Amino acid sequence: MTENRAVTTLESDSIDDAVAELGDDGLSGYNFAYLDEHTKREVRRAILKGIAIPGHQVPYASRPMPLARGWGTGGIQASLSLLGPDDSFKVIDQGADESVNAANIRRLADRTAGVETTSDTTDADVIQTRHRIPEEVMTDDQILVLQVPVTDPLRKVDGSDAANRRRHAHKNYGRMWVHLYENVVEWGEIKIASRYPTMVAGRYLMDPSPIPRWDVPKLDDADTLFLFAAGREARIYAVPPHTEVEPLAFEDESFQVERFPDQSCDACGSTDTFLTEVETDDGRRLYSCNDTSFCAKRQDDPAIPKDHHLDASGVDWGPGTPNEGSETPDSEDGVAGEPAAESGGDER
């Protein structure tokens, strides 16, 4: 991190002199990476506490940012507090790098910090994402910052944050188990499409943000540091590298990811990625990779694996796929965005 360059009016005769003393680093008139150094230190302290207590929600003083709350203010504060002048920054918005929100966040980091930005997952040091974890295997040299709209998974079963904090303190998650049981009774299976409740390090129940079930297994025993930041609720929590993350499930109703039987990406032909259903202007329904960056690589080289940039091969990253030897359910219920009727093995 750069040296603190904050200038007070006591050291200058006027505001104009104070601004001039800041020099030309980043956007003129702003500290490196927009936030002042005191704010960055506070955010980093909250991150360190979150790492020390995996899954625990750590409060911090969320600052006003030049984007609306609910559009990634917590994520950008965490990202800007971690970025250094030599880092490379990538922003994902539901799998895409080209969305307006992703482009604006990337532009903010570029203008205020002058850091290199990229759309290649393997080239990024810090990745900020909304609702997805990249398909390519992430390494211990990378940090993934997830934007979080709702921090507490127990809010699904009780709207009282005070009561839910007591439940976390006592590890009392009975109401969530009842919620899952009622889900099975009503639907015959656990029908939670996103924000699937997960137990972190056997202690805290965590909301993994609105990532699809497909991405939940990637959190378990990963090399990467996962940070979850909510600006509106002013909370940060973390999953450190090599931490056990287990989705809640029953012995006879195991956790299942989305399945896409007999479907492949229309652009690259992938069958081992999370697919998005697209309806064309002429009424046709196609499937495409949700991770646009990896899809572009697959279009150039259809055989490229998700761990192509690593020395090791066959790295466990996400759910098993038909191409990797796992079984695809025979039921027609295993369609895009819906869980399969039967478990395809140990999905965790």
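Use the structure listed above.
Right, let's talk about the overall build of the protein chain for a bit. A tally of regular secondary structure across the protein chain gives seven helices and twelve strands. Counting only residues that meet the buried cut, the protein chain has 51% of its 348 residues in that class. Total accessible area on the protein chain is roughly 16,200 Å²; 46% of this is exposed by carbon and sulfur atoms.

On to the packing of aromatic side chains, then. Inspection of every chain in the model, using the stated rule, returns six aromatic pairs. Between Phe228 and Tyr237, the aromatic rings sit 5.0 Å apart at their centres with planes inclined by 5 degrees, giving stacked as the arrangement. There is no split in this pair, since Phe228 and Tyr237 are both buried. Arranged with centres 5.6 Å apart and planes meeting at 80 degrees, the rings of Phe260 and Phe274 form a pair that is edge-to-face. In this pair, Phe260 is assigned in the loop between β10 (245-247) and β11 (275-279) and Phe274 in the loop between β10 and β11, connecting sequence segments 14 residues apart. For Phe260, a relative accessible area of 12% gives the class buried. Site record: aromatic cluster; members linked through ring pairs are Trp214, Phe260 and Phe274. Cation over ring: Arg203 sits above Tyr204, and NZ or CZ is 4.2 Å from the ring centre.

As summarised here, the arrangement of the three strands in space is β7-β6-β10, forming an open sheet in which the pairing is antiparallel. The outermost strands of the open sheet, each flanked by one partner alone, are β7 (204-206) and β10. Sheet twist, expressed as the average angle between the axes of neighbouring strands with direction ignored, equals 35 degrees. As paired elements, strand β6 (residues 198-200) and β10 share three bridges and run antiparallel to each other. Bridging across to β10, Thr198 finds its partner in Pro247.

Turning to the pairing of β11, a few remarks are in order. The pairing of β11 with strand β12 (residues 285-289) spans five bridges and is classified as antiparallel. What sits directly across from Thr276, in β12, is Ser288. Where β11 folds back onto β12 in an antiparallel hairpin, the turn is made up of five residues, including Gly283, whose phi is positive at roughly 90 degrees.

The next subject is unusual backbone geometry. Positive phi, normally seen in glycine, also occurs at Gln94, with a value near 50 degrees. Here Gln94 is to be found in the loop between β2 (88-93) and α4 (100-113). In this structure Gln94 comes out as partly exposed when scored by relative accessible area, which is 40%.

It is the contact of helix α2 (residues 37-52) with helix α3 (residues 73-82), at a shortest axis distance of 9 Å, that shows an interaxial angle of 100 degrees. When the axis of α2 is compared with that of α3, the two are roughly perpendicular. Contacts between α2 and α3 involve Lys40, Val43, Arg44 and Ile47 from the first element and Gln77, Ala78, Leu80, Ser81 and Leu82 from the second. In terms of residue class, the contact of α2 with α3 is made up of five nonpolar, two polar and two charged.

Below, the discussion takes up the sheet that holds strand β5 (residues 143-147). Hydrogen bonds between backbone groups are what pair the strands of a sheet, and the pairing can be parallel or antiparallel. Sheet architecture is open: seven strands sit in the order β1-β9-β8-β5-β4-β2-β3, paired in mixed fashion. If you trace the sheet from one side to the other, it starts and ends with β1 (58-59) and β3 (116-117), each paired once. Across five bridges, strand β8 (residues 225-230) lies against strand β9 (residues 235-239) in antiparallel orientation. The residue bridging Leu227 from the neighbouring strand is Ala238, located in β9. Along the sheet face, α3 touches β2, β4 (126-130), β5 and β8 and points at about 155 degrees away from the line of β5. Its contacts with the sheet place α4 against β2, β3, β4 and β5, and it is angled at close to 160 degrees to β2.

What follows is about the side chain of Gln57. With respect to the element layout, Gln57 can be found in the loop between α2 and β1. A polar side-chain atom of Gln57 sits 3.3 Å from a polar atom in the side chain of Thr151. Setting aside its immediate chain neighbours within four residues, Gln57 contacts Thr151, Asp152, His168, Arg235, Ile236 and Tyr237.

With that settled, consider the nonpolar core. In terms of nonpolar packing, the biggest core is built from 46 residues, with Ile133, Leu219, Phe226 and Phe228 touching the most fellow members. Looking at this core, the elements with two or more residues in it are β5, α6 (174-187), β6, β7, β8, β9 and β12. Lining this core are residues from two domains, each supplying at least three of them: domain 2 (37-150 + 210-245) and domain 3 (275-343). If near-sequence neighbours (up to four positions away) are discounted, Phe226 is found in contact with Ile133, Leu144, Leu146, Lys218, Leu219, Tyr237, Ala238, Val239 and Trp317. Counting residues in hydrophobic clusters, the runner-up holds 30 residues, among them Phe32, Tyr60, Leu80 and Val145.

A word on the pattern of salt bridges. Considering all chains together, one arrives at 21 salt bridges under this definition. A salt bridge links Arg155 to Glu233; its shortest N-O distance comes to 2.7 Å. On the criterion of sequence distance, the pair formed by Arg155 in the loop between β5 and α5 (161-170) and Glu233 in the loop between β8 and β9 is long-range, its members being 78 residues apart. Note on Arg155: relative accessible area 28%, which makes it partly exposed. Linking Asp215 and Lys218 is a salt bridge whose minimum nitrogen-to-oxygen distance equals 2.9 Å. Among the ionic contacts, a cluster of salt bridges with common partners joins Arg132, Glu135, Asp215, Lys218 and Lys306.

Calculation notes
Residues numbered from 1 in each chain as written. Predicted model: local features only at pLDDT ≥ 70, side-chain atom pairs only at ≥ 80, totals over all residues. Heavy atoms only, no water. Helix = DSSP H or I, 4+ residues; strand = E, 2+ residues; numbered from the N terminus. Buried < 20%, exposed > 50% of the residue type's maximum accessible area, 1.4 Å probe, protein only. Areas by Shrake-Rupley, 256 points an atom, 1.4 Å probe, with all protein chains shown as cover. Phe/Tyr/Trp six-rings, centres within 6.5 Å; stacked < 30°, edge-to-face > 60°. Lys NZ or Arg CZ within 6 Å of the ring centre and 35° of its normal. Pairing = 2+ DSSP bridges. Axes fitted to C-alpha atoms, helices over the stretch in contact; angles between N-to-C directions. Parallel < 35°, antiparallel > 145°, perpendicular 65-115°, else oblique. Contact = heavy atoms within 4.5 Å. Nonpolar A, V, L, I, M, F, W, Y, C, P; charged D, E, K, R; others polar. Polar contact = N/O pair within 3.5 Å; in protein donor to acceptor, adjacent residues only side chain to side chain. Core = buried A, V, L, I, M, F, W, Y, C linked by side-chain atoms within 4.5 Å. Domains from an automatic or database assignment. Salt bridge = Lys/Arg side-chain N within 4 Å of Asp/Glu carboxyl O.

Functional significance is not addressed by these values, which are geometric in nature.
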